[in-house]
Amino acid sequence: MDVIAPPDLHARLRPRLLPRPRNQALYARAQAEGLTELQARVLAGRLAGYEGELAPLTQPSLRYLEHPERLADGRRAAERIAQAVVEGEHIGILTDYDVDGITSHVVIRRTLVELFGVPEARLHSLIGHRIHDGYGISLPLVERTLSLKPRPSLVITADCGSSDEPRIARLKAAGIDVVVSDHHALPVEGPPASAHAVVNPTRDDCDYADATIAGCMVAWLVMSLARQVLIEWGALPSATPKLSPWLSYVALGTVADCVSLGASPANRAVVSHGLTLINRMEAACWRAMAARLGEDSTPFTAETLAFQMGPRINARSRLDDPYAALHFMLAADDGTATRHLDTLDQDNQSRKAIEADMTEQARLLAVPQLSSDQPAIVVFLEGGHPGVQGIVASRLVQAYGRPALVMTPAAAPGMLTGSGRSIEALHLRDALQRTFELAPEALPRFGGHRGAAGVGVPVDQFDAFRTAFLQAVGEQLGGIELFPHVLTDGELMPAQFDLSTLDELERLGPYGREFDAPLFEGDFLVEALRPVGADGSHLMMTLSAGAVSLRAIWFRALTPGELPAFGLGDWLRCAYRLSRNRWKGRESLQLMVEHAEAPSSA
């Protein structure tokens, strides 16, 4: 059902179609260097202020990767891992429970076992439970590590650890070295002092050229450097295979963790190369997913990773123990992969139902905050599931055009846990740092990066936290107008409604965060429409532009049971993507509508 809101608020919350700001210098240079006008338009709408070379972005290649030696502490980390391999130590692999963490885990484990010859019996997988353990090197994970027999003498982290000094200090006191590999923003006091090494491209003293790489990429670089060290020491033959095949996992983790695919040659290279590896279908996990999605699902694209594989793997850790996701990624045969995929699918369906209920509750709670024009939305869902906070926060950002934090009760008594998502104008991690300065007792734990973050807040400090957070957000935004909007790349001519145009756009891929897939706008005549889907919430339409008639689909266009507000013969101004519809080996162009309104209100 629709959220009840005052009429003036409904008007303020109607999404506005806006043209993407265009980097005019880049637009001209791209055409001068051989890109088409459409490609130049798309590129210039995503790279504000970019003055670097175009080839690393438009022609992604592994030759643009920086050597891992440039990572601060990279050599020290690699030498400690190499020492553990040579001396036969037990090694713990401690990673986050999301896709970035799971793919990091796979990279580290497969490298140790398959390339370095470490027996499985000497490895310990340590992945926290989102609800019972919490994020990072949590106290329960520390206790679990200390109780292992035999106990590891080295723990390698990935996608976590930068903000976990107290727990790392406890492991160190017990005689366990911790090598941190991570990509999250460091606390103001710097890298955790008790760690043996901290490899994180966001370090102030790090010379690595790209601080936007995902945690799985940091792990891949560290393990690549460990291979080099073992060869230098004579512990491995020089012909030992490189880690290049594992870039398939890095591609998945990079896309799913929503790190930048804009002005990042490294991220664009690993996703592009990784997709090539994935589409060889050499691993059981890729084959099982392709079979599940159907014969028309291949070749996989970055969109497949973002909207099909990523949510399934994340769903497991959101709702339950994350190890099924790890077993799926590591499956040695198709039957095992399919069995674990069944579990992930079931969890993903449950996640969708929980998400829908929580989103409706959150939208109701957001109304008074929107009415008072607060710069951010902060909601507490007393019966909410902590594993779905981030998705619900994303829905609020999309609906209302402002940052959002969704809080639920934590497993620890007297505590709340929360996940936040941001808008382009706000650095969320910096806003939380300012919140901590304003009210340190209200925010004992937080971490994240520009676009997403997590928090831990005492129940009795919730109001103080919200007040400080809203002040911090307001200070950073400086009073700019906040409203939901849809940025488009302008209009297409009727002659451009062709698969060749889609080919032209796909050559600029991969698309993802900070390099959004092209979105266009235009006026269309509605020639046919019908609700589809199990609950009738999607619209299948035939739209015409001049002499061209196009198949179009608009997902989640309607509330179940609702009728469209327009009919046959009406004109719509639509924001849409071009899509390749595959059916029984045939391909045709279709439009994926993301927003539609009467032309007079555009």
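Residues numbered from 1 in each chain as written. Predicted model: local features only at pLDDT ≥ 70, side-chain atom pairs only at ≥ 80, totals over all residues. Heavy atoms only, no water.

Chemist: Explain the nonpolar core to me, please; I cannot follow it from the model alone.
Modeler: Most often, soluble globular proteins keep nonpolar side chains buried together rather than apart. Core analysis: the largest hydrophobic core is formed by 128 residues, its most contacted members being Leu112, Phe116, Trp220, Trp286, Phe328, Met329 and Phe497. The element that contributes the greatest number of residues to this core is helix α9 (residues 215-232), accounting for 12 residues. Apart from the residues lying within four places of it in its own chain, the contact partners of Met329 are Ile102, Val106, Tyr249, Leu252, Cys285, Trp286 and Ile313. One finds Met358, Val388, Val397 and Ala439 within the second-largest nonpolar core, a separate group that totals 46 residues. (Core = buried A, V, L, I, M, F, W, Y, C linked by side-chain atoms within 4.5 Å. Buried < 20%, exposed > 50% of the residue type's maximum accessible area, 1.4 Å probe, protein only. Helix = DSSP H or I, 4+ residues; strand = E, 2+ residues; numbered from the N terminus. Contact = heavy atoms within 4.5 Å.)

Chemist: Teacher, can you tell me more about helix α10 (residues 247-256) here?
Modeler: Residue pairs spaced three or four apart in an α-helix point in one direction, given the helix's 3.6 residues per turn. Counting buried positions along α10 gives 10 out of 10 residues, so the element sits mostly inside the fold. What α10 keeps buried is the set Leu247, Ser248, Tyr249, Val250, Ala251, Leu252, Gly253, Thr254, Val255 and Ala256. Just beyond α10, the residue with positive phi is Cys258, at close to 60°.

Chemist: In this structure, what is going on with the packing of helix α14 (residues 323-330) against helix α15 (residues 334-371)? I would like to understand it.
Modeler: The packing of two helices is summarised by the inter-axis angle and the distance between the axes. With their axes 8 Å apart at the nearest point, α14 and α15 run at an angle of 145° to one another. Of the two elements, α14 crosses α15, and the hand of that crossing is left-handed. Along the contact surface, α14 presents Ala324, Ala325, His327 and Phe328, while α15 presents Ala337, His340, Leu341, Thr343 and Leu344. Broken down by class, the residue content of the contact of α14 with α15 amounts to six nonpolar, three polar and no charged. (Axes fitted to C-alpha atoms, helices over the stretch in contact; angles between N-to-C directions. Left-handed = near helix turned anticlockwise from the far one by under 90°. Nonpolar A, V, L, I, M, F, W, Y, C, P; charged D, E, K, R; others polar.)

Chemist: Hey, could you run me through the packing of aromatic side chains in this one?
Modeler: Aromatic ring pairs are reported here in terms of the distance separating the ring centres and the angle at which the planes meet. Per the counting criterion, the structure on display carries nine aromatic pairs. Ring geometry for Phe465 and Phe469: centres 5.8 Å apart, planes at 15°, overall stacked. Residue Phe465 and its partner Phe469 are both found in helix α18 (residues 462-477); the two are separated by four residues, about one turn of the helix. The exposure class of Phe469 is buried, given its relative accessible area of 1%. One aromatic cluster in this structure is built from Phe497, Phe520, Phe524 and Tyr576. Of note, Arg16 hangs over the ring of Phe483, and the distance from its end group to the ring centre comes to 3.7 Å. (Phe/Tyr/Trp six-rings, centres within 6.5 Å; stacked < 30°, edge-to-face > 60°. Lys NZ or Arg CZ within 6 Å of the ring centre and 35° of its normal.)

Chemist: Honestly, the pairing of strand β16 (residues 571-583) in this entry has me stumped. Any pointers?
Modeler: In the case of a regular strand, side chains alternate between the two sheet surfaces. Counting buried positions along β16 yields 10 of 13 residues, so the element is predominantly enclosed. Here strand β13 (residues 520-532) runs beside β16; their pairing, made up of six bridges, is antiparallel. Bridged to Phe524 within β16 is Leu572. Hairpin connection of β16 to strand β17 (residues 586-597): two residues between the antiparallel strands, including Lys584 at a positive phi of 50°. (Pairing = 2+ DSSP bridges.)

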